[in-house]
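# Examining the three-dimensional arrangement
Chain by chain, the residues:
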Amino acid sequence: MHTIPETKKSHLWRKIIWHTDPDEHPLGPYHWVEIYCCEESNGYAVWYVRKLARDDTRGVPGTESADYLLNFYSKTSRDDAIERAVLLANCAPTADQVIRELDTLAANAQKV
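This section reports on the structure supplied with the text.

Each value, and the rule that gives it
Residues numbered from 1 in each chain as written. Predicted model: local features only at pLDDT ≥ 70, side-chain atom pairs only at ≥ 80, totals over all residues. Heavy atoms only, no water. Helix = DSSP H or I, 4+ residues; strand = E, 2+ residues; numbered from the N terminus. Rg over C-alpha atoms; globule rule 2.2 N^0.38 Å. Buried < 20%, exposed > 50% of the residue type's maximum accessible area, 1.4 Å probe, protein only. Contact = heavy atoms within 4.5 Å. Areas by Shrake-Rupley, 256 points an atom, 1.4 Å probe, with all protein chains shown as cover. Lys, Arg positive; Asp, Glu negative; His and termini not counted. Charge placed at Lys NZ, Arg CZ, Asp CG, Glu CD. Salt bridge = Lys/Arg side-chain N within 4 Å of Asp/Glu carboxyl O. Pairing = 2+ DSSP bridges. Axes fitted to C-alpha atoms, helices over the stretch in contact; angles between N-to-C directions.

## So, the overall build of the chain
Along the backbone of the chain there are two helices and five strands. Each helix and strand of the chain, ordered N terminal to C terminal, gives the series β-β-β-β-α-α-β. Compactness check: the chain gives a C-alpha radius of gyration of 14 Å against a globular reference of 13 Å for 112 residues, within 12% of the reference. Expressed as a percentage of its 112 residues, the buried residues of the chain come to 36%. A separation threshold of at least 6 residues defines the contact pool for the chain, and within that pool the share at least 24 residues apart is 54%. Just so you have it, the chain exposes about 7300 Å², and 51% of that area is on carbon and sulfur atoms. Each charge sign in the chain was given a centre, from 13 positive and 17 negative side chains, and these centres are 3 Å apart.

Structure follows, in structure tokens:
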């Protein structure tokens, strides 16, 4: 049985857009891009997590690896927050195109 880390228990919806193939890199480094919706103390947030290597050519050039708060919703807008995360994660047919779209949104988002 897998246990869920404490930091992931508030996640309502999550999708990994791209990740390092563990068969090709069994000892790391491990890189990934994901988007998720989680419950915060005063509402719901949609986060974009970009953890790519510095020399990775995916996405918009110059976008740093970080966590980006794309949207924040009130306590009464749970479904809207989940819907936004789902739509963003599926906004393009390929992972590289989705990453490019998310990087474009990240330019105006709060970086953590």
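## A few points about the pattern of salt bridges
Per the counting criterion, the structure on display carries eight salt bridges. We note a salt bridge from Asp96 to Arg58, for which the minimum N-O separation is 3.3 Å. With Asp96 in helix H2 (residues 95-106) and Arg58 in the loop between strand E3 (43-51) and strand E4 (66-73), this pair connects stretches of sequence that are 38 residues apart. With its nearest N and O atoms 2.9 Å apart, the salt bridge here joins Lys111 to Glu64. Of the two residues, Lys111 sits in strand E5 (residues 110-111) while Glu64 sits in the loop between E3 and E4, which places them 47 residues apart along the sequence. For Glu64, a relative accessible area of 46% translates into the label partly exposed. What emerges from the salt-bridge pattern is a single network uniting Asp56, Arg58 and Asp96.

## Here we look at the pairing of strand E2 (residues 32-40)
Both strand E1 (residues 11-19) and E2 contribute to a ladder of seven bridges, which runs antiparallel. Pairing of His11 across the sheet is with Cys38, part of E2. Note: E2 against E3, nine bridges, orientation antiparallel. Residue pairing for E3: Ile35 is matched across the bridge by Tyr48. Joining the antiparallel neighbours E2 and E3 is a turn of two residues.

## Examining the sheet that holds E1
Spatially, the five strands line up as an open sheet ordered E1-E2-E3-E4-E5, and their pairing is antiparallel. On the outer flanks of this sheet lie E1 and E5, each paired with one strand and no other. Inspection of the sheet shows E3 paired to E4 by seven bridges, in the antiparallel sense. Directly across from Tyr48, in E4, lies its bridge partner Tyr68. Of the strands in this sheet, E1, E2, E3 and E4 touch helix H1 (residues 78-89), which is tilted by about 10° from E1. H2 rests against E1, E2, E3 and E4 of the sheet, and its axis sits at about 120° to E1.

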